[in-house]
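# Notes for the structure review
Each chain, letter by letter, is given below.
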Amino acid sequence: MNKDLDMFCYQCSQAVGGKGCMVKGVCGKEATVARLQDNLIFAAKGMAAYLYHARELGYTDSEVDAFLERAFYSTFTNVNFDAEDFVELAVEAGRMNIKTMKLLKKALIETYGEPEPTEVQTGTVKGRGIIVTGHGLKALGELLKQTEGTGINVYTHSELLPAHGYPGLKKYKHLVGNLGKAWFDQKSLFSKYPVAILGTSNCVLIPREEYRDRLFTTGPARLPGVKHIEGYDFTEVIEKAKTLPELEEEPSNTILKTGYSKSVILSLADKIKELVESGEIKHFFVVGGCDAPMKRNEYYRKFVEMLPRDTIIITLACGKFRINDLDLGDIEGVPRLIDIGQCNDTIVGIEIVEALAELFNATINELPLTFVLSWMEQKAVSILWSLLSLNIKGIYIGPNLPAWANNDILKVLVDRWDLKLIGEPEEDIKNILKESEQYVV
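Residues numbered from 1 in each chain as written. Predicted model: local features only at pLDDT ≥ 70, side-chain atom pairs only at ≥ 80, totals over all residues. Heavy atoms only, no water.

Check the secondary structure of the chain and you find 15 helices and 18 strands. In summary, the chain has a C-alpha radius of gyration of 23 Å against a globular reference of 22 Å for 441 residues, a match within 12%. In terms of overall dimensions, the chain has C-alpha extents of about 65 × 65 × 40 Å along its principal axes. Out of the 441 residues belonging to the chain, those deemed buried represent 56%. Restricting the contact set of the chain to residue pairs at least 6 apart, pairs at least 24 apart contribute 71%. Counting only carbon and sulfur atoms, one obtains 51% of the accessible surface of the chain, whose full area is about 19100 Å². The distance from the centre of the 50 positive side-chain charges to the centre of the 61 negative ones in the chain is 3 Å. (Helix = DSSP H or I, 4+ residues; strand = E, 2+ residues; numbered from the N terminus. Rg over C-alpha atoms; globule rule 2.2 N^0.38 Å. Buried < 20%, exposed > 50% of the residue type's maximum accessible area, 1.4 Å probe, protein only. Contact = heavy atoms within 4.5 Å. Areas by Shrake-Rupley, 256 points an atom, 1.4 Å probe, with all protein chains shown as cover. Lys, Arg positive; Asp, Glu negative; His and termini not counted. Charge placed at Lys NZ, Arg CZ, Asp CG, Glu CD.)

Note that His-164 resides in the loop between β5 (153-156) and α5 (167-170). As for His-164 and Lys-411, which are separated by 247 residues in sequence, their C-alpha atoms are 42 Å apart. If near-sequence neighbours (up to four positions away) are discounted, His-164 is found in contact with Thr-118, Val-120, Thr-156, Lys-170, Leu-175, Gly-177, Asn-178 and Thr-258. Within the structure, the side chain of His-164 is placed 3.3 Å from the backbone oxygen of Gly-177, a separation counted as a polar contact. (Polar contact = N/O pair within 3.5 Å; in protein donor to acceptor, adjacent residues only side chain to side chain.)

This brings us to the pairing of strand β3 (residues 118-121). What you see with β3 is a clean split: Thr-118 and Val-120 sit on the buried side and Glu-119 and Gln-121 on the side with no burial. In the sheet, β3 pairs with strand β10 (residues 255-258) via four bridges, with the strands oriented antiparallel. For Glu-119, the partnering residue across the bridge sits in β10 and is Lys-257. (Pairing = 2+ DSSP bridges.)

The strand order across the open sheet built from six strands is β15-β12-β11-β16-β17-β18, with neighbouring strands paired in parallel fashion. Looking at the sheet topology across the chains shown, the edges are occupied by β15 (337-339) and β18 (420-421). As paired strands, strand β11 (residues 283-289) and strand β12 (residues 311-315) are joined by four bridges and run parallel to one another. Within β12, the residue paired with His-283 across the bridge is Thr-311. Helix-sheet contacts for helix α15 (residues 425-435) involve β11, β16 (369-374), β17 (396-398) and β18, and the interaxial angle to β11 is about 135°. (Axes fitted to C-alpha atoms, helices over the stretch in contact; angles between N-to-C directions.)

Looking now at the packing of helix α1 (residues 32-56) against helix α13 (residues 380-389). Relative to each other, α1 and α13 sit at 100°, their axes nearing to 7 Å. Judged on the interaxial angle alone, α13 and α1 are roughly perpendicular. Across the interface between the two elements, Asn-39, Phe-42, Ala-43, Gly-46, Met-47 and Tyr-50 from α1 touch Val-381, Ser-382, Ile-383 and Trp-385 from α13. Tallied by class, residues from the contact of α1 with α13 come to seven nonpolar, three polar and no charged. (Parallel < 35°, antiparallel > 145°, perpendicular 65-115°, else oblique. Nonpolar A, V, L, I, M, F, W, Y, C, P; charged D, E, K, R; others polar.)

Moving on, we get to the pattern of salt bridges. Counted according to the given criterion, the structure contains 29 salt bridges. One salt bridge connects Glu-305 with Arg-301, and the closest N-O pair in it is separated by 3.6 Å. Of this pair, Glu-305 and Arg-301 both sit in helix α11 (residues 299-306), four residues apart, which is roughly one turn of that helix. Of the residues examined, Glu-305 reaches a relative accessible area of 46% and is grouped as partly exposed. Through salt bridges with shared partners, a single ionic network connects Lys-126, Arg-128, Glu-246 and Glu-248. (Salt bridge = Lys/Arg side-chain N within 4 Å of Asp/Glu carboxyl O.)

Here we take up the sheet that holds strand β9 (residues 227-229). The six strands are arranged β6-β5-β4-β7-β8-β9 in an open sheet whose pairing can be described as parallel. The open sheet has two edge strands, β6 (175-178) and β9, and neither has a second partner. On average, adjacent strands in this sheet sit at an angle of 30° to one another, irrespective of strand direction. Both strand β4 (residues 129-133) and β5 contribute to a ladder of four bridges, which runs parallel. Note on β5: the bridge partner recorded for Ile-131 is Tyr-155. Here helix α4 (residues 137-147) sits on the sheet in contact with β4, β5, β6, β7 (196-199) and β8 (215-218), set at roughly 165° to β5. Against the sheet, helix α8 (residues 235-242) touches β4, β7, β8 and β9, its axis set at about 135° to β4.

Tracing the backbone shows Arg-214 in the loop between α7 (209-212) and β8. This buried residue, Arg-214, is left without a salt bridge; Asp-213 holds the nearest opposite charge, at 4.9 Å. Beyond its immediate chain neighbours, meaning those up to four positions away, Arg-214 contacts Phe-190, Ser-191, Tyr-193, Pro-194, Val-195, Ala-196, Ile-197, Lys-240 and Leu-244.

Now for the side chain of Thr-124. Its location among the elements puts Thr-124 in the loop between β3 and β4. A distance of 2.7 Å separates a polar atom in the side chain of Thr-124 from the backbone oxygen of Glu-248.

Moving on: the pairing of β5. Successive residues of a regular strand alternate their side chains across the two faces of the sheet. The alternating pattern of β5 places Asn-153 and Tyr-155 on one face and Val-154 and Thr-156 on the opposite face, and all of these are buried. For the crossover that starts at β4, traverses α4 and ends in the parallel β5, the hand is right-handed. Pairing geometry for β5 and β6, over three bridges, is parallel. Each residue of the ladder has a partner; that of Thr-156, found in β6, is Asn-178. (Right-handed = clockwise from strand over helix to strand, strands pointing away.)

Going through the model one piece at a time under the given rule, you end up with 10 aromatic pairs. Relative to Tyr-211, the ring of Phe-190 has its centre 5.6 Å away and its plane inclined at 90°; by these criteria the two rings are edge-to-face. Of the two residues, Phe-190 is situated in helix α6 (residues 186-192) and Tyr-211 in helix α7; the sequence distance between them amounts to 21 residues. Across the pair, exposure class does not vary: Phe-190 and Tyr-211 are buried alike. Through a chain of ring-to-ring contacts, the aromatic side chains of Phe-285, Tyr-299, Tyr-300 and Phe-303 assemble into a single cluster. The ring of Tyr-232 has Lys-138 lying over it, and the distance from NZ or CZ to the ring centre is 5.1 Å. (Phe/Tyr/Trp six-rings, centres within 6.5 Å; stacked < 30°, edge-to-face > 60°. Lys NZ or Arg CZ within 6 Å of the ring centre and 35° of its normal.)

Honestly, that's just the spatial picture; any functional story needs more than this.
Quick look at the structure:
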């Protein structure tokens, strides 16, 4: 390797000392531009994931494609050194991600029907099985077709839980339940159950040896030493499942509820308005996001458990598994805990809060509504910028701030959008509810 490469700053296009201009070099450029480039790349990658699943179902958008081209080129070496422009590119990425999520929502509803409230079992049914993990509803749908009548039961895991709400998928009687919680429990979960496993997208982990030979990937997912299925012929997965022992009948007392689409919530609009105006509902929270196996992420369950009974909680993405087993009851027929789906179903949450704003003739920021998001440096980046592109203020995120946000970037996020880092649940709830006194509604 040519050691001179380590002495060259690709931002400055000049030779510098050490390993290059990582913070500040001869050009005088701070690391802010490089960090904003990282942010834009993360946002573009998140959009690409949603576009992939839309394209699987035959849906595309040339405007979004064109933006991705511009975004990636803007992060190319020696093209753009303007930090302010990168902030505006991130805001535009947020708008384009909203368009992308709408496209995927349209693709899913027109293919599988609009989700409807559904109770999902979390125990096992006697018989052989296949667990499907990831975000790939197309792959799950094809597998359900191919396993119909085989005697093999199919279980979802993690972000595929919302599949149970789609009429076109729930019609398969051998889609029997959901096993496990967020993506990071898969090593222990997959070791526990002697079933075939299909990984359909991101969030698949390097497997343990005890289940490597019964794990398969499809689509963009690839793992070392794991059989990859090109296309949607899952014969090998099915044949593997047939060679494995039957699961025992092990019912669970935990029943999860999913499938709350926009139309379902809007059907309750008049009731919600009545309950807000009478003071029965005081505040709405959107609690969810990308979960991670950190002790600090216990915050979200504690936060929801401490909320007063006159609050409504909308949840989504794998962060919902921190709270979706809680029985929070309802407020005169309006569920207090509403699971709207995968991370891409943030668009459903956005459309619901926009509808609430219209219902009360207010702006989103004037509603008694707070976003409390769990954070990881993945598709959450594109979702955060989608919310910021709508000028939604006062969002709480945690357990950490974005890794790409240095002091300069953080100042912009705080000054322009009042972004907040989570603290202690009790104190945050107190501050949020105190601030809600000044809302218009």
